[in-house]
Amino acid sequence: MTDFDSSLVPSGDILIGGEWRQGRGAPYRSVYPADQTINAEISTADAEDAREAIEAADAAWRDANWAGLKPHQRASVLYRVAELIGARHEALAQLQRRDNGKPIGETRALVASAANTFRYFAACLETLDEDLTPSRGDYLTMSVHEPLGVIGAITPWNSPIASDAQKLAPALAAGNAVVLKPAEVTPLVSLALARICEEAGVPKGVLSVLPGKGSVVGDALVRHPLVKKVSFTGGTSVGRGIARIAAEKLMPVSLELGGKSPTIVFDDADLDHAVNGVLYGIFSSSGEACIAGSRLFVQRSIYRAFMERLVEGARRLRVGDPSRVETQMGPLISAQHRESVERYVALGLQEGGRLLCGGERPAGDGRENGFFYQPTILDGLANSARICQEEIFGPVLVAMPFDDEASLVQHANDSVFGLAAGIWTRDYKRAWRVARALETGTVWINTYKLFSISTPFSGWKESGMGREKGRLGIREYMQQKSLYWGLNDAPLPWAN
Ligand code: NAD
């Protein structure tokens, strides 16, 4: 018995090279992380299916019906995708909730953001100018941009519909074909998105969606010579492996990887807003967010008072049934992932940390049937502790006091990651100084985890390479070509 529209996912088939059919991989049983009931049994792809999808994609993208369309014509298909996502907003939000257990309030926002992403890149496509570059002789020079060909898109499980849209919309807009490999554990919403793209008029073969194992399907995608770019969002170690293969192929890659983002609270901050922002920054999405603010630095003069309020706020968070709008934290994605989070908390305690709240599975209200974990805060550790350095990807915050700006910046930057950071202060000059000194791709000032499709997103250091979003996000899926137009009637001087 399911509480979502199972017709969104057609009879367990997957989309391979324009055909909905069973893949050759072992079937996958999709489970609702809140109570372990079964969502659907889905076919998965293997390496042979990946090869077929890639070859079909290579034949399809060059077609007059896709790369050959005028920008405004291809844009109209993407506008239609946005409209169809909008029309099925609630059904998709419920499907996404079942797929990865996020609270319905969050999945509704993710679905809306996916529609906006398609609309935004459709608008980019039809308003993007080519460049007439300054002439330096009797010739004209111009720059045009061509599609790359077949794009391999590989996405994680934490926000599938938004991650998929962030890759599909610009890659398709640019006139490419895409073979999408969603995370093994969250195939449902990606398949529903594929049906919408088909219905909107994306031609057969231009999009394939291949659920399956990363080490099989993802690997086949990265290695295939016809795949001209891989856009990957996921963990740093998998990203590093993909970059190695890409180096051999001399293939461009875009890597959106892990994080261990610092949130900083100065003593002049609006403390109500800061408490709320810090809790939201780490505990929304159950901490399963690359940009989770998982390291907290609080100025020593307010440390004790601030931490008391924070702990009180964390204890009040509503952890439970993701189908209820008032729920703030749903379950973690799987039993295995919860065990990994628990191991990190145990490690923090072994390293000398002090548990301020959480550190256990919640009981009651049926939560013992799902993979729930309490919002957890520790302190008493130095920034060099393993749980301050490694990504936990769960609802675990480590707090540390700081004395002055210089040592704060040093500790905040003392991480292999460089994805995001948050600063809470009323002093705008200090906010400017610290924001410029932080080695991260995004800094939020007196806010956290706000996202806009028109603002570029990227990781520094081991948090990634390449950019997503923003007007130029579409250029990441194009290659530039220079044209010289001779205007001189005389032969080239050399010919004489
Ligand atoms: P993951 O790296 O395990 O998997 C990501 C994707 O890669 C999945 O589809 C997986 O099947 C595939 N994959 C695994 N092995 C592969 C291989 N050898 N070759 C090709 N593909 C392979 O990550 P995850 O557990 O799904 O997601 C969590 C991670 O994603 C966290 O580290 C998080 O920080 C990161 N993330 C980053 C961003 C960002 O924008 N920077 C956003 C969301 C998540």
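Residues numbered from 1 in each chain as written. Predicted model: local features only at pLDDT ≥ 70, side-chain atom pairs only at ≥ 80, totals over all residues. Heavy atoms only, no water.

Quick look at the overall build of the protein chain
Counted only if it meets this: Secondary structure elements follow DSSP: runs of H or I of four or more residues count as helices, runs of E of two or more count as strands, with numbering from the N terminus. Our radius of gyration is a C-alpha quantity, and the globule rule it is checked against amounts to 2.2 Å times the number of residues to the power 0.38. Think of it in three bands: with a 1.4 Å probe and only protein chains considered, a residue is buried below 20% of the maximum accessible area for its type, exposed above 50%, and partly exposed in between. Residues count as neighbours in contact if any of their non-hydrogen atoms are within 4.5 Å of one another. Here, Shrake-Rupley sampling with a 1.4 Å probe gives the accessible areas, and only protein chains in the shown set may cover a residue. Within this scheme the basic residues Lys and Arg register as positive and the acidic residues Asp and Glu register as negative, but His and the chain ends are omitted. A single reference atom marks each charge: NZ on Lys, CZ on Arg, CG on Asp, CD on Glu.
Secondary structure assignment for the protein chain yields 14 helices and 22 strands. Over its C-alpha atoms the protein chain spans a radius of gyration of 24 Å, differing by no more than 12% from the 23 Å that the globule rule assigns to 496 residues. Across its three principal directions, the C-alpha atoms of the protein chain cover 80 × 60 × 40 Å. In the protein chain, which comprises 496 residues, the share counted as buried stands at 57%. If you take every contact in the protein chain between residues at least 6 apart in sequence, the share linking residues at least 24 apart comes to 74%. Accessible surface for the protein chain amounts to roughly 20900 Å². Of this, 52% is attributable to carbon and sulfur atoms. In the protein chain, which carries 53 positive and 58 negative side-chain charges, the distance between the mean positions of the two groups comes to 1 Å.

Focus on helix α13 (residues 405–413)
Every α-helix carries 3.6 residues per turn, so stepping three or four residues along brings you back to the same face. Keep this limit in mind: Any pair of nitrogen or oxygen atoms within 3.5 Å is treated as a polar contact; in protein, a donor-acceptor pairing is required on top of that, and neighbouring residues in sequence qualify only through side-chain atoms on both sides.
Among all positions of α13, only Ser407, Leu408, Val409, Ala412 and Asn413 are buried. The N-cap residue of α13 is Asp404: its side-chain oxygen and the backbone nitrogen of Ala406 are 3.1 Å apart.

Considering the environment of Cys357
Note on placement: Cys357 falls in strand β14 (residues 354–357). Judged by relative accessible area, Cys357 falls into the buried class, the value being 5%. For the pair Cys357 and Glu312, spaced 45 residues apart in the sequence, the C-alpha separation amounts to 8.8 Å.

Things to note about helix α5 (residues 160–173)
As a reminder of what qualifies: To estimate the expected span of a helix, subtract one from its residue number and multiply by 1.5 Å.
For α5, built from 14 residues, the straight-helix expectation of 20 Å at 1.5 Å per residue is met to within 8% by its first-to-last C-alpha distance of 20 Å. Just past α5, the residue Gly175 takes up positive phi, approximately 95°.

Remarks on the domain arrangement of the protein chain
Defined as follows: Where each domain starts and ends comes from a domain assignment, either automatic or drawn from a database. Buried area is calculated as the accessible area (1.4 Å probe) missing from two parts once they are joined, with the contributions of both summed. One speaks of a salt bridge when a side-chain nitrogen belonging to Lys or Arg is within 4 Å of a carboxyl oxygen belonging to Asp or Glu.
Partitioning the protein chain into domains gives domain 1 (6–257 + 463–482) and domain 2 (262–445). Each of domain 1 and domain 2 has a C-alpha centre, and the two are 31 Å apart. With 21 residues of domain 1 in contact, the opposing surface of domain 2 contributes 27 residues. Considering only the side of domain 1, the residues that lose the most area to domain 2 are Pro33, Trp157 and Ser463, jointly responsible for 30% of the buried surface there. For the pair domain 1 and domain 2, the number of links is zero salt bridges. Counting across the interface, domain 1 meets domain 2 through nine residue pairs in polar contact (both at pLDDT 80 or more). Residue assignment for the side of domain 1 that touches domain 2 shows that the elements contributing at least two residues are α3 (89–100) and α4 (104–127).

Let's talk about the packing of helix α2 (residues 71–87) against α4
Which entries qualify depends on this criterion: Helix axes are fitted to C-alpha atoms over the stretch in contact, other axes to C-alpha atoms as well, and angles between N-to-C directions run from 0 to 180 degrees. If an angle is under 35 degrees, it is roughly parallel; if it is over 145, roughly antiparallel; if it lies from 65 to 115, roughly perpendicular; otherwise it is oblique. Less than a right angle of anticlockwise turn of the near helix away from the far helix marks a crossing as left-handed, whereas a clockwise turn marks it as right-handed. Residues are grouped as follows: Ala, Val, Leu, Ile, Met, Phe, Trp, Tyr, Cys and Pro are nonpolar; Asp, Glu, Lys and Arg are charged; all remaining types, including Gly, are polar.
Contact geometry for α2 and α4: axes closest at 8 Å, N-to-C directions at 170°. Put simply, α2 runs roughly antiparallel to α4. Crossing of α2 over α4 shows left-handed handedness. Across the interface between the two elements, Pro71, His72, Arg74, Ala75, Leu78, Tyr79, Val81, Ala82, Ile85 and Gly86 from α2 touch Val111, Ala114, Ala115, Phe118, Arg119, Ala122, Ala123, Leu125 and Glu126 from α4. Across the contact of α2 with α4, the residue classes tally to 14 nonpolar, two polar and three charged.

Examining the packing of aromatic side chains
Let me state the cut-off plainly: Ring pairs are drawn from Phe, Tyr and Trp, using the six-membered ring of Trp, whenever the two centres fall within 6.5 Å, and their geometry is named by plane angle: stacked under 30 degrees, edge-to-face over 60, tilted for the rest. Think of it as a cone above the ring: NZ of Lys or CZ of Arg counts as a charge over the ring if it is within 6 Å of the ring centre and within 35 degrees of the ring normal.
Considering all chains together, one arrives at seven aromatic pairs under this definition. Centre to centre, the rings of Trp444 and Tyr448 are 4.6 Å apart; their planes meet at 50°, and the pair counts as tilted. The buried category is assigned to Tyr448, whose relative accessible area is 4%. Residue classification places Trp444 among the buried positions, given a relative accessible area of 6%. A network of ring pairs unites the aromatic residues Trp444, Tyr448, Phe451 and Phe457 as a single cluster. Note that Arg74 overlies the ring of Trp66, its terminal NZ or CZ placed 5.9 Å from the centroid.

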